[in-house]
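# Fold and geometry: a report
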Amino acid sequence: MAVNMKGKSLISIHDLTLEEVYEIFDVAKTLKEKLLTGEPHRLLEGKTLGMIFSKPSTRTRISFETGIFQLGGIGMYFGANDLQLKKSESVADTARVLSRYLSGIMIRTFDHQDVIDLAKYGSIPVINGLTDLLHPCQVLTDLFTILEKRRVLKGLKLAYIGDGNNMAHSLLNGCSKVGMDISIASPSGYKPLAEIVSNAKANANYMGSKVEILDDPVAAVKGADIIYTDVWASMGQEQEAADRKKKFMSYQVNDQLVKNAKDDYLFMHCLPAHRGDEVTNEVCDSPNSVIFDEAENRLHVQKAIMALVM
Ligand code: CP
Ligand code: NVA
């Protein structure tokens with residue numbers, strides 16, 4: 001392996017070098033081929049991954065658990081009420097204790113700071129499986145999927161339509177890192193965080209690409225190679241769903257909107273999709289849609305991440 005990532009945590013794409021991002025893609029491609037041809041790849045024989053989930057999950061849980069098993073290790077699932085964590089024990093002490101048992105931790109939670117602290121106080125790699133702020137494993141997978149479909153990343157344009165949420169933030173980090181243009185269209189009050197936008201602009205400047213934060217979805221989608229969207233109300237925001245639905249309705253990705261993109265645009269969504277809200281069935285199920293390839297690739301990319309850091 002050209003780049004040594006052993007022991008490193010994966011909390012944000014912003015912390016990775018470009019070489020590390022491409023190392024993850026190279027290893028993911030190799031592991032995907034090995035799985036498809038039935039070649040054993042037990043790179044983490046006897047290792048243990050603790051998987052902490054304070055929010056629900058289909059893809060993240062199953063792809064990590066299957067992935068660690070295929071690599072020869074074992075995954076242990078801990079739901080919201082299974083640990084002493086943040087009830088009778090601090091994040092710091094939990095990190096110190098888990099580091100005495102496990103080879104790595106994957107965590108999905110609300111507060112991004114908890115993931116940072118877990119890595120800070122523990123001595124094993126921590127993988128961010130989604131926080132309110134970021135979803136790096138998803139976006140690394142999305143970029144890997146685009147690379148598979150288009151053979152190149154630099155110079156492509158991704159349009160993200162919708163909430164300036166964890167997906168928007170990680171897409172800003174990821175696209176700017178690899179030199180893709182990114183245009184985000186969100187209603188006012190729901191734009192991505194200024195600090196993440198400004199980091200992305202600095203990265204994009206270095207890579208010779210562009211970051212645009214717009215109001216108008218049509219302008220964002222103009223000439224796009226990829227159209228991306230996500231739910232209007234994320235996990236933990238369920239009580240805002242009705243109000244958000246009114247504010248976001250003109251941001252729906254539908255047959256009318258996608259006409260502004262390149263003819264061979266890719267439609268992407270991290271899933272779960274709320275069909276009829278942020279995206280129509282027609283777009284979700286169109287030949288341009290690669291949503292299930294994205295979902296599958298979570299397995300291969302996260303296996304690569306685990307193999308590299310654990
Ligand atoms: N995309 C994603 O992370 O899906 P889950 O919430 O099902 O894990
Ligand atoms: N923004 C969504 C992503 C789900 C994968 C959420 O946080 O619920």
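Up top you'll find the structure we're talking about.
A brief report on the enclosed structure follows.

Calculation rules
- Residues numbered from 1 in each chain as written.
- Chains lettered and ligands numbered in written order.
- Predicted model: local features only at pLDDT ≥ 70, side-chain atom pairs only at ≥ 80, totals over all residues.
- Heavy atoms only, no water.
- Helix = DSSP H or I, 4+ residues; strand = E, 2+ residues; numbered from the N terminus.
- Expected span 1.5 Å × (residues − 1).
- Buried < 20%, exposed > 50% of the residue type's maximum accessible area, 1.4 Å probe, protein only.
- Contact = heavy atoms within 4.5 Å.
- Core = buried A, V, L, I, M, F, W, Y, C linked by side-chain atoms within 4.5 Å.
- Pairing = 2+ DSSP bridges.
- Axes fitted to C-alpha atoms, helices over the stretch in contact; angles between N-to-C directions.
- Disulfide = S-S within 2.5 Å.
- Near = heavy atom within 4 Å.
- Polar contact = N/O pair within 3.5 Å; in protein donor to acceptor, adjacent residues only side chain to side chain.
- Areas by Shrake-Rupley, 256 points an atom, 1.4 Å probe, with all protein chains shown as cover.
- 1 Å grid on protein atoms, 1.4 Å probe; cavity = no way out; pocket = protein on both sides within 12 Å on 5 of 7 lines; lining within 4 Å.
- Sits in = over half its atoms within 2 Å of the grid points.

## Describing helix α1 (residues 18–37)
With 20 residues, α1 extends 29 Å between its outermost C-alpha atoms, agreeing within 8% with the 28 Å of an ideal straight helix rising 1.5 Å per residue. All buried positions along α1 are accounted for by E20, V21, E23, I24, F25, V27, A28, L31 and K32. Residues of α1 that are buried in the fold lie against α5 (136–150), α6 (166–178) and α12 (291–309).

## Notes on the environment of D132
By the secondary structure assignment, D132 is in the loop between β4 (126–128) and α5. Sequence separation of D132 and H300 is 168 residues, and the distance between their C-alpha atoms is 24 Å. Once residues lying within four places of it in the same chain are set aside, the contact partners of D132 are K55, T109, F110, N166 and M235.

## Describing the nonpolar core
Membership of the largest hydrophobic core comes to 60 residues, with the highest contact counts inside it found for I24, L140, I146, L158, M180 and M306. Counting 19 residues, the second-largest nonpolar core is a separate cluster that includes A185, V258, V279 and I291.

## Describing the sheet that holds strand β9 (residues 266–269)
Taken in spatial order, the 5 strands of this open sheet run β7-β6-β5-β8-β9, and their pairing is parallel. Each edge of the open sheet is held by one strand with a lone partner, namely β7 (211–214) and β9. Across the sheet, the axes of successive neighbouring strands diverge by a mean angle of 20 degrees, strand direction being ignored. Examined bridge by bridge, strand β6 (residues 181–185) and β7 share 4 bridges and lie parallel to one another.

## Thoughts on the sheet that holds strand β2 (residues 74–78)
Spatially, β2-β1-β3-β4 is the arrangement adopted by the 4 strands of the open sheet, whose pairing is parallel. Taken across any chain shown, the strands that pair with only one partner, and hence form the sheet edges, are β2 and β4. The mean inter-strand angle of the sheet, taken between neighbouring strand axes irrespective of direction, is 20 degrees. Summarising the sheet, strand β1 (residues 48–53) and β2 pair through 5 bridges and their orientation is parallel. Paired with I52 across the strands is F78, a residue of β2. Sitting on the sheet, helix α4 (residues 112–121) touches β1, β3 (104–108) and β4, and the angle it makes with β4 is about 165 degrees.

## Digging into the state of the cysteines
Taken as a whole and assessed by the stated rule, the structure comprises 0 disulfides. Note on C175: no disulfide assigned, nearest cysteine sulfur contributed by C270 at a separation of 13 Å. The thiol sulfur of C284 is not disulfide-bonded, and the nearest other cysteine sulfur, from C270, lies at 11 Å.

## Things to note about the site of ligand 1
In the neighbourhood of ligand 1, the contacting residues comprise S57, T58, R59, T60, R108, H135, Q138, C270, L271 and R298. Measuring from an oxygen atom of ligand 1, one finds a side-chain N or O atom of R108 at 2.8 Å. Between ligand 1 and the protein, one listed contact pairs a nitrogen atom with a side-chain N or O atom of Q138 at 3.0 Å. Burial of ligand 1 by the protein amounts to 96% of the accessible area it has alone, namely 250 Å². Placement of ligand 1 is best described as lying within the largest pocket.

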